[in-house]
Amino acid sequence: MARDAFTKLDEAVSSENRQAWSIQEESALGGRVRDVSVMDIFEIQLKKAPTVRAVELELLEAPSQRGTRQGATSWITRGLGIEESEITLAITRKDSSKYPSETKRLAMAWRVDRLAVDRSGFIADGQIYLAPLHQGTDADDYTPLPLPSNFGIERCRAAGADELVEMELKLRIGQANDALHGLRIALADKAVAFRGVVRKATSYSMRTCAWQMVNSIDISVRQQAAIYKRCREQLQKSHMAVHTAAFSQNAHDHRSSNLPWFWCMDIPRTTSSKNWLTEFYCIHWFRAKAVKDRWEEEEDLLVSEFHWTMNFFKFRVKKWNKKCLSFKAAGLHGAACYAARQKAVYDWLAEQGASKWLNMSPEILPLNQ
């Protein structure tokens, strides 16, 4: 299967790519003893996804276009932060106990008051950046924030707020990347907590503390998932196209998987239309060839081990036959019988091995070669 999968992929790629990838593979396999980093060609070399802070810094350092007020980037970033705070507060309220203590109620009230103040300030500043669209917007908790995505891309463009739409698009993508990163970290913490804390808990108090830890991590998981879902909804709501990843560098259990048949159709045309697909096919070609080579090596080892085992049986037959003859010459009939029995056992094993070999692989070299 591995040989057929690689042959199908290798026949679909162009001769130029095949030659270039073969040279890279030979160079990596030849220099891996001296420098392990040469094996990085078997991994995806995509750049790290930008975060909200990186996007905000890039927008702040870039020269602003005419008609765009100063502070628009920071204003949109504040709005995204307020949305995240609202999501976090809603999940915290839902997960709080039915009868919380007075201290927890006071802390919750502080958070609600602080969020209301931030929301009012953001809506007031929105009159500066989106004045034509801001009429009728108040500071009600149930009113959506005056962000471009909440008004719609067509209304924003009609009002001349194209620059704000592009800013929010970039910041939303950074927000989604941050949410996915936080989700991965939280899921990893949850797995570690299950393995290192919950399973090792031996008493009731230890199990209680362990499950409290798991529940707190689970709250973080749901918060990050809700933030990402909200971000995706806002991007789709504004008809903003977002390209999802075609492959993941850290995806589990994909090294031995084969590409579906439709990926092997007209590869030269596909790679010429999108540059990143060249790396996609290059990685799969390297890994498919590595899987093929590994199975071919495994096949050679199994054949050699079978031959070694058969040679061992034949060696024992000759050894016990020689001992049987020597015992008979010395008059040791008991020892000669034992040696004859051992010779018969190994002779039977050799015959059984030869029969199995012919039944399994009649096209491979015979055992005597």
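Residues numbered from 1 in each chain as written. Predicted model: local features only at pLDDT ≥ 70, side-chain atom pairs only at ≥ 80, totals over all residues. Heavy atoms only, no water.

1. Thoughts on the side chain of glutamine 223
Within the element layout of this structure, glutamine 223 appears in helix α9 (residues 204–237). The class of glutamine 223 is buried, set by a relative accessible area of 14%. Not counting residues up to four positions away in its chain, the partners in contact with glutamine 223 are Ile87, Thr88, Ile91 and Thr92. (Helix = DSSP H or I, 4+ residues; strand = E, 2+ residues; numbered from the N terminus. Buried < 20%, exposed > 50% of the residue type's maximum accessible area, 1.4 Å probe, protein only. Contact = heavy atoms within 4.5 Å.)

2. Things to note about helix α5 (residues 102–129)
Its 28 residues give α5 an end-to-end C-alpha distance of 41 Å, which sits within 8% of 40 Å, the value for a rise of 1.5 Å per residue. Here α5 has its buried residues at Met108, Leu115, Arg119, Phe122, Ile123, Gly126 and Tyr129. In the core, the buried residues of α5 are packed alongside α4 (72–95) and α8 (162–198). (Expected span 1.5 Å × (residues − 1).)

3. Here we look at the confidence of the model for the protein
Of the residues in the protein, 77% reach a pLDDT of 70 or more, and the chain-wide mean stands at 77. Across the protein, the secondary-structure element scoring lowest on mean pLDDT is helix α10 (residues 267–273), at 47, and the one scoring highest is helix α12 (residues 333–360), at 89. Considering only residues more than four positions removed or in separate chains, one finds that residues 238–256, a stretch of pLDDT under 50, has 23 contacts. Segment residues 260–267 is flagged for pLDDT under 50; beyond a separation of four residues in sequence, or across chains, it makes 10 contacts in the model. (pLDDT = per-residue confidence, 0-100.)

4. Side note on the pattern of salt bridges
Counted according to the given criterion, the structure contains 12 salt bridges. For glutamate 168, the salt bridge is made with arginine 172, and the minimal N-O distance between the two is 3.2 Å. Taken together, the residues span about one helical turn, with glutamate 168 and arginine 172 both in helix α8 at a distance of 4 residues. In this structure, glutamate 168 and arginine 172 share a single accessibility class: buried. As a salt-bridge pair, lysine 292 and aspartate 293 come within 3.3 Å of each other at their nearest N and O atoms. The buried category is assigned to lysine 292, whose relative accessible area is 11%. The class for aspartate 293 is partly exposed, based on a relative accessible area of 26%. (Salt bridge = Lys/Arg side-chain N within 4 Å of Asp/Glu carboxyl O.)

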